[in-house]
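Observations on the three-dimensional arrangement
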Amino acid sequence: MEAIISKDYRKFIEDNDIYLSDWDKATLVYNRHDISYSEKVQALCEIKDSTDDEQLRGQIEERLERDS
């Protein structure tokens, strides 16, 4: 849930039992502007390692290769 910057929005999501897919989380992490590139890479790698979505895993790998 750390992918969401706003504390109020995090609370709203938790209070309303809103589900964020791994895809949603990866998108939020990638688009964060308040963290360093290495923090983004670390967070994306954590998502990649924990997701069951093979397509997302491949897309994260591809994006990280392209961005490095």
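Summarised in this report is the structure supplied together with it.

Rules and cut-offs
Residues numbered from 1 in each chain as written. Predicted model: local features only at pLDDT ≥ 70, side-chain atom pairs only at ≥ 80, totals over all residues. Heavy atoms only, no water. Phe/Tyr/Trp six-rings, centres within 6.5 Å; stacked < 30°, edge-to-face > 60°. Lys NZ or Arg CZ within 6 Å of the ring centre and 35° of its normal. Core = buried A, V, L, I, M, F, W, Y, C linked by side-chain atoms within 4.5 Å. Buried < 20%, exposed > 50% of the residue type's maximum accessible area, 1.4 Å probe, protein only. Helix = DSSP H or I, 4+ residues; strand = E, 2+ residues; numbered from the N terminus. Contact = heavy atoms within 4.5 Å.

1. Details of the packing of aromatic side chains
This model, assessed by the stated rule, comprises 1 aromatic pair. The ring of Y30 carries K40 above its face, with NZ or CZ at 5.8 Å from the centroid.

2. A short note on the nonpolar core
A3, A26, V29, A43, L44, I47, L56, I60 and L64 form the largest nonpolar core, which has 9 residues in total. For this core, the secondary-structure elements that each account for two or more residues are α2 (22-30), α3 (37-50) and α4 (54-67). If sequence neighbours within four positions are ignored, I60 has contacts with A26, L44, I47 and K48.

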